[in-house]
Each structure stands twice: as C-alpha cells, then as structure tokens.
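Now for the letters of each chain:
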Amino acid sequence: MGISQNEQQSISDLVDQYKDLPGALLPLLHAIQGEVGYVPDSAVATIALGLNLSRAEVHGVVSFYHDFKTHPVGRNTVQICRAEACQAMGSRELEAHAKAALGIDYHETTADGNITLEPVYCLGNCACSPSVRVNDDIVARVDSARFNELVANLGGSQ
Ligand code: FES
C-alpha cells in the first residue's frame, strides 16, 4: 500500500534531521513511527540512502524490534499473550474467539479502523493467565465473555 505525499515528505524531513547524528537509526525510526504512525516499507529505501546503510540493515532493525509497526494500525491495539503460561490457561481458545469476534487475523485491523490485533509473548502477568493488553493496560484472566466486554468498551464492532 502506498503512502501519502505528506507522509513521504515527513519521512524525508526526518531523515534530513537525523542523518548526521551518531546512532541515528533507532531514534529516526521512532520519530517516523511517532509522526506517521508506522514505518512504511517504502520508507526503508529513503532511510537507507540518507543514513548510508543497506536496505537489508534498515529492514533488519525494523523487523527485530517488535515495537515498530510496518503497517497502519487501528486506534486501539489488543494483544493476546501466546506464551506458555497463558496457553496452558486457554489463550489458544481465546485467540480463536478474538479472531472470529473481530473478523480479523493477527496483525490486521478491523474495517472501521478501531482495533488492531497482535500476538505478544509474555506480558509478565503469568500468574493471572490468560493475559491480554489493551493499549497500555494489562488485563488478567480474560475469557471470551471478558474479551467481548473489553472490545465493547473500546466502542468498536465485535
Ligand atoms: S505467559 Fe502470558 S503473561 Fe506470561
């Protein structure tokens, strides 16, 4: 998917701003995500050129850090824990329910742009599995009914 001219311009401006700083790549990626909301694939070439890196190096860093999004995200992010403790307490059933209820798979966003669903690997809340993070809040012991409530509170479709 293409990005708008404004977004492309913002990315070029940020590259100019950061390119002479030592260790510019990470702060630049954060700045782009802060401004555009994600790091578009098409930004990789601009960043590589500006920072005198290969595209593979830039791509490697973007994909290594899970905080960087490479696609537009919804107004809310819901993450379901897929690590062991949560799986033992039913997170597989929960994720199947979540995908069906929202009509999307992981890394996708509902058609109304409200919710992006992401997997996560341990939220540090294993004693109260299965755990879900809704934006900045970690929610414990989430079953299907609780999930529906959480989504309803976000004001979007289920
Ligand atoms: S395994 Fe899910 S919170 Fe740790």
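Just so we're clear, the structure is a prediction, and the values are computed from it rather than from any experiment.

Caption draft 1: Fine view of the pairing of strand E1 (residues 76-81). In terms of residue burial, E1 counts as a mostly covered element, since six of its six residues are buried. By the alternation rule, side chains of E1 split into Asn76, Val78 and Ile80 and Thr77, Gln79 and Cys81, which are all buried. Where E1 meets strand E3 (residues 115-120), six bridges bridge the pair, whose relative direction is parallel. Across the sheet, residue Gln79 finds its bridge partner in E3, namely Glu118. Sheet topology note: the E1/strand E4 (residues 132-134) ladder contains three bridges and is antiparallel. Each bridged residue has a counterpart across the sheet, and for Gln79 the counterpart in E4 is Arg133.

Caption draft 2: Seen up close, the domain arrangement of the chain. The domain architecture assigned to the chain consists of domain 1 (5-64) and domain 2 (76-153). Relative placement of domain 1 and domain 2: their C-alpha centres are 30 Å apart.

Caption draft 3: Inspection of the packing of helix H1 (residues 5-18) against helix H3 (residues 43-51) at higher detail. Viewed as axis vectors pointing N to C, H1 and H3 meet at an angle of 20 degrees, and their least axial separation amounts to 10 Å. Classified by the angle between their axes, H1 and H3 sit roughly parallel to one another. In this structure, H1 meets H3 at a crossing whose hand is right-handed. Contacts from Gln8, Ile11, Ser12 and Val15 in H1 reach Ala43, Thr46, Ile47, Gly50 and Leu51 in H3. For the contact of H1 with H3, a count of residues per class yields five nonpolar, four polar and no charged.

Caption draft 4: Examining H1 more closely. Taking 1.5 Å of rise per residue, 14 residues should cover 20 Å, and H1 covers 20 Å from first to last C-alpha, within 8% of that figure. Within H1, the full set of buried residues consists of Ser10, Ile11, Leu14, Val15 and Tyr18. Across the axial projection of H1, the buried residues extend over an arc of 135 degrees, all falling on one side. Relative to its buried face, H1 has exposed residues pointing more than 90 degrees away, namely Gln5 and Asn6. Of the surrounding elements, those touching the buried residues of H1 are helix H2 (25-36) and H3.

Here is what the cut-offs are and how they apply
- Residues numbered from 1 in each chain as written.
- Predicted model: local features only at pLDDT ≥ 70, side-chain atom pairs only at ≥ 80, totals over all residues.
- Heavy atoms only, no water.
- Buried < 20%, exposed > 50% of the residue type's maximum accessible area, 1.4 Å probe, protein only.
- Helix = DSSP H or I, 4+ residues; strand = E, 2+ residues; numbered from the N terminus.
- Pairing = 2+ DSSP bridges.
- Domains from an automatic or database assignment.
- Axes fitted to C-alpha atoms, helices over the stretch in contact; angles between N-to-C directions.
- Parallel < 35°, antiparallel > 145°, perpendicular 65-115°, else oblique.
- Left-handed = near helix turned anticlockwise from the far one by under 90°.
- Contact = heavy atoms within 4.5 Å.
- Nonpolar A, V, L, I, M, F, W, Y, C, P; charged D, E, K, R; others polar.
- Expected span 1.5 Å × (residues − 1).
- Arc of directions from axis to C-beta.

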